[in-house]
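# Working through the structure, step by step
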Amino acid sequence: MPSPCTPAGKAELQLDFHTCEDAPSPPAGPQQSEGSRRAERAGRLLECALTRARGCGDRPPLWPSTLYVVQRHCPGYRPPQVKRLGIVAVSNALPQDITCLAADRMLIFASYDNVLHAFARNKEVVHTYEGHKARIHLLQPFGDHVISVDVDNVLIVWDTQSEEQYLEVNFDKATFAVSAVLHPSTYLNKILLGSEQGSLQLWNIRSNKLLYSFPGWHFAVTALEQAPAVDVVAVGLVSGHIIIHNIKFDETLMKFQQDWGPITAISFRTDGHPVMAAGSPIGHIALWDLEEKKLMCQMQDAHSTAIAGMSFVPGEPLLITNGADNAIQVWIFDGPGGTGRVLRSRMGHSAPPTKIRYHGQNGEQILSAGQDGTLQSFSTVHEKFNKSLGRGSINKKKSKKKGLKLDTMALPPITVFASEVAHQSDWDGIVACHQGYITCTTWNYQKTSMGAHKLKPEEFSKHKPIDVYATAVDITSCGNFAVIGLSTGQVDVYNMQSGIHRGRYSKERAHEGAIRGVAVDGLNQLTITAGSEGLIKFWKFKTKDLVYSTDLPCVPSGILLHRDSGILGIAFDDFSISVLDIETRKIVRTFSGHHGRINDMTFSPDGRWLITSSMDCSIKTWDLPSGCLIDCFLVDSAAVSLTMSPTGDFLASAHVDDLGIYLWSNRSLYSLVSLRPLSADYVPSMVARPTTCPIEDVDEAGDEETCDEMIEYVSPEQLGLQLVTLSSLPESRWKNLLSLDIIKKKNKPREPPKIPKSAPFFIPTVSGLIPHYVPPREENDTQSKVVSFGVLAQKSDFFIRLEEALRTNEYAAPLNLLKSLGPSNIEIELRCLAPEGGGSMEVMLSFLRMIGMMLNKKYNFELAQAYLALFLKLHLKILSSEPNLLEEISRLSTQLEETWIHLRTLFNQSLCVLTYMKSVLL
């Protein structure tokens, strides 16, 4: 994902190179070791250092043979690995934007405002240095110390471990305003300072003495860089001059000049080629041949903005650059002429995004259009899947010839776009509107470039109209057609494959006012358009005929269609939202509560939620079935665009004046979240925007909602007296009660199991002339093994509770006991109710009253039917001969008939409604 924050001012780039070489640790105090001095000969960036890992005997270094690039952004830093240019680690976030960055062999230093922090293991803050009264703008690691300079011209030397001030030096801004700092190689305890007045000073930090003052070149110093040669440094000036100066003899060796403005960064190649690279504020890089003392080549438009930092990889023909355009690039110099080509790059938007949308159905890619005019795709899985589709241009060939700075063919930023994955491998699958521009462009996601077609009405093909531009766009679900609305009220249809105009809704204009939104349903049957005159119209997609038109309560500002459910969200200029059903063409929900212009809205994948963002810095979630607000929170910067993942796991947001795209996780997928409506006096809380890592480890269990919010709903046994309630028992417990005899007959074995005959250990024999075995005896056991209980029969628990129910008239206990039994046990219990089974007529009457109680209360309805059917089957002869039982059976018959008549009426009504709806829709 791209950096979630806008870089403040000029960004620095820091290299920290580690190898497996052993280097002795530096001595105490601000002295520099010989191993440190050898490393510095490779070159040092402005506020950047190249250091090597310390080895102890045979112990390998912490990061063997790994090159890290640390790019400043806010509020944390992320070191990408140069080999693949991927993120290796992410630090914890700081409270404010990082303004300065530097690194030594063990720690990474980052400052914001007047506070300096030291990170260890690329993550944790282990030291904090406080003492400056103004913003820190220069950092220089120095052995076991670190040097910081603030904008008030105060230089402080800190002890990295004790966090104490080792030295503080105040400079007069009028005579020497510090603008650059460098530790020259092999110069123990010494630093070289550059000033805005153009002079240089060499200081001994240990003795706090000014050793030498260089008069300078009457121009402000912007960059200091150590050359590969000892005693030689490169000085970059605001005038564009680069001075190669010997500080030992105070002698200028070479002098170069660039015509692109101040020098922003300097670096030297160390792979055997005497080449120096210099950056400029307009994005160009100049390569100078130090032997020939001339310009070797130019790398124009290396970045679209100023070069903030650059560094050659020691011993390799690789140059790493970054700029304010939110990009890091690795250049390799392997071609003729000494020029470089881009080997790897990572980039985001150089200006805040204006519109974001998920692309595809897997929820892994987010398309983002920014104010910089580019269209980019960011992966939520891994950065290596990020794509840049480039910047829109009227003529791509002419744009390449003119370059970025002189490109008059560039199109304005994209305001609205629509994408579809169907047929995206065959032709363009993205169509976009540009700010104040009538032509809509197509883009190809597979080729990661602008498409071949520019969609524009035929009457404007020869001349550019004034104050006529595209305002809304949509693409059909099949990916074959694009529908474009204009500010004049026209709505046109184009073929995405050929770019041919395929028709217009209405003869001249579909609306009297500007088009505020267009949408096409999932079956290409209807096209919905909304105009600024307050009308919403439904058109037949194929014939372009008007089907229906209705007035809206206010002027719409935008519409969004959820194709699967057929619901249309409409945002109005009075900060309200309405939900319209495109089948019935009626407004079914209306929401109000925002206090600013509604910027964007998105539906959840199932269409149950509508999430809206407004200029009042709030993000609200509306539950459509209940029509209530179920979630609301505030952010520090208003969200200009929202999009919900097709899988429902993330909500992505883009904010005002922010380069980042933020992902919010859907907690309802992995935890219990209360979806109860918020009260009318609910006050939303301010929520911090997501960062690349948590600010601190928070116990998730403590963040759960309170017990008052999370009240578990317990369903009553009966929702209403007029409703029939079924039991929750499985069908196997009651459905086959009438077929138990058939089931038993099928499961009955054909013959009883036989006991295998056991052979004796010694087989008996009969003595004689010819011995022979004794034949086995055949056992004829004809005794029956069925035990007759006779007088042993006793009353069961069910029988006893039915007898008690005759006196108390409470049948809950016997019913619950019967529900806990299996089918066979139920049959045995009902069979034993008859007098021949040990029961009585009173118990049979009690059972029938229990069934009557179940029918009166209308719960356990299917159990009452099954139990009564089995009872009648078992005891029909006895019931016909007993007047008391016959009277109770007649009463039950009347109850059953009334209940079934009521149920049959409800079933018929529901079937009639379903049949009508089916015939109307089809």
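Owing to the predicted nature of the structure, the values given are computational and were not obtained by experimental measurement. Counting restarts for each chain, with residues numbered from 1 along the sequence as it is written. The predicted origin of the model limits local features to residues at a pLDDT of at least 70 and limits the giving and counting of side-chain atom pairs to 80 or more, whereas totals for whole chains, interfaces and linings rest on all residues. Calculated side-chain values reflect all of the structure's heavy atoms, with hydrogen atoms and water omitted.

### Details of the overall build of the chain
Heads up, the rule is: Here a strand is any run of E in DSSP of at least two residues, a helix any run of H or I of at least four, and the numbering for each starts at the N terminus. Remark: exposure states derive from per-residue accessible area (1.4 Å probe, protein chains only) relative to the maximum for the residue type, with buried under 20%, exposed over 50%, and partly exposed in between. Two residues qualify as a contact provided that any one of their heavy atoms is within 4.5 Å of a heavy atom in the partner residue. For every accessible area listed, the method is Shrake-Rupley and the probe measures 1.4 Å; residues are considered covered only by the protein chains on display.
Looking only at helices and strands, the chain has 10 helices and 57 strands in total. Counting across all 922 residues of the chain, residues that qualify as buried make up 50%. Long-range pairs, those at least 24 residues apart, make up 48% of the contacts in the chain with a sequence separation of at least 6. Counting only carbon and sulfur atoms, one obtains 53% of the accessible surface of the chain, whose full area is about 45,700 Å².

### Re the pattern of salt bridges
What counts here: Salt bridge, as applied in this entry: a Lys or Arg side-chain nitrogen positioned within 4 Å of an Asp or Glu carboxyl oxygen.
Summed over all chains, the structure comprises 20 salt bridges. With its nearest N and O atoms 2.8 Å apart, the salt bridge here joins Glu 459 to Arg 504. Of this pair, Glu 459 sits in the loop between strand E36 (449–455) and strand E37 (470–475) while Arg 504 sits in strand E40 (residues 501–504), placing them 45 residues apart in sequence. A relative accessible area of 36% places Glu 459 in the partly exposed class. For Lys 795, the salt bridge identified is with Glu 803, shortest N-O distance 3.4 Å. The structure contains a network of salt bridges with shared partners spanning Lys 355, Arg 357 and Asp 600.

### Regarding the packing of aromatic side chains
Put simply, the rule is: Pairing of aromatic rings covers Phe, Tyr and the six-membered ring of Trp, with a centre-to-centre limit of 6.5 Å; geometry is then stacked below 30 degrees between planes, edge-to-face above 60, and tilted otherwise.
One pass over the structure, following the stated rule, counts 13 aromatic pairs. With a centroid separation of 5.7 Å and 50° between ring planes, the pair formed by Tyr 129 and Trp 158 is classed as tilted. One end of the pair, Tyr 129, is in strand E8 (residues 124–130); the other, Trp 158, is in strand E11 (residues 154–159), and 29 residues separate them in sequence. Across this residue pair, the class does not change: Tyr 129 and Trp 158 are buried. Between Phe 171 and Trp 203, the aromatic rings sit 5.5 Å apart at their centres with planes inclined by 85°, giving edge-to-face as the arrangement. With Phe 171 in the loop between strand E12 (165–170) and strand E13 (178–182) and Trp 203 in strand E15 (residues 200–204), the pair connects residues that are 32 residues apart, well separated along the chain.

### Notes on the confidence of the model for the chain
Put simply, the test is: Every residue is assigned a pLDDT by the predictor, reflecting its confidence on a scale from 0 to 100.
Per-residue pLDDT for the chain has a mean of 83; in total, 84% of the residues score no lower than 70. Between residues 694–708, whose pLDDT stays under 50, and residues either more than four places distant or in other chains, the model counts 11 contacts. Taken as a whole, residues 787–792 scores under 50 in pLDDT and shows zero contacts with residues more than four places along the chain or in a different chain.

### Comments concerning the sheet that holds E11
Test applied: Paired strands, in this sense, are two strands between which DSSP finds at least two bridges. Between N-to-C directions, angles cover 0 to 180 degrees, with each direction set by a line fitted to C-alpha atoms, over the stretch in contact for helices.
The strand order across the open sheet formed by four strands is E9-E10-E11-E12, and the pairing between neighbours is antiparallel. The open sheet has two edge strands with one neighbour each: strand E9 (136–142) and E12. Put simply, the sheet's adjacent strands are angled 15° from each other on average, direction ignored.

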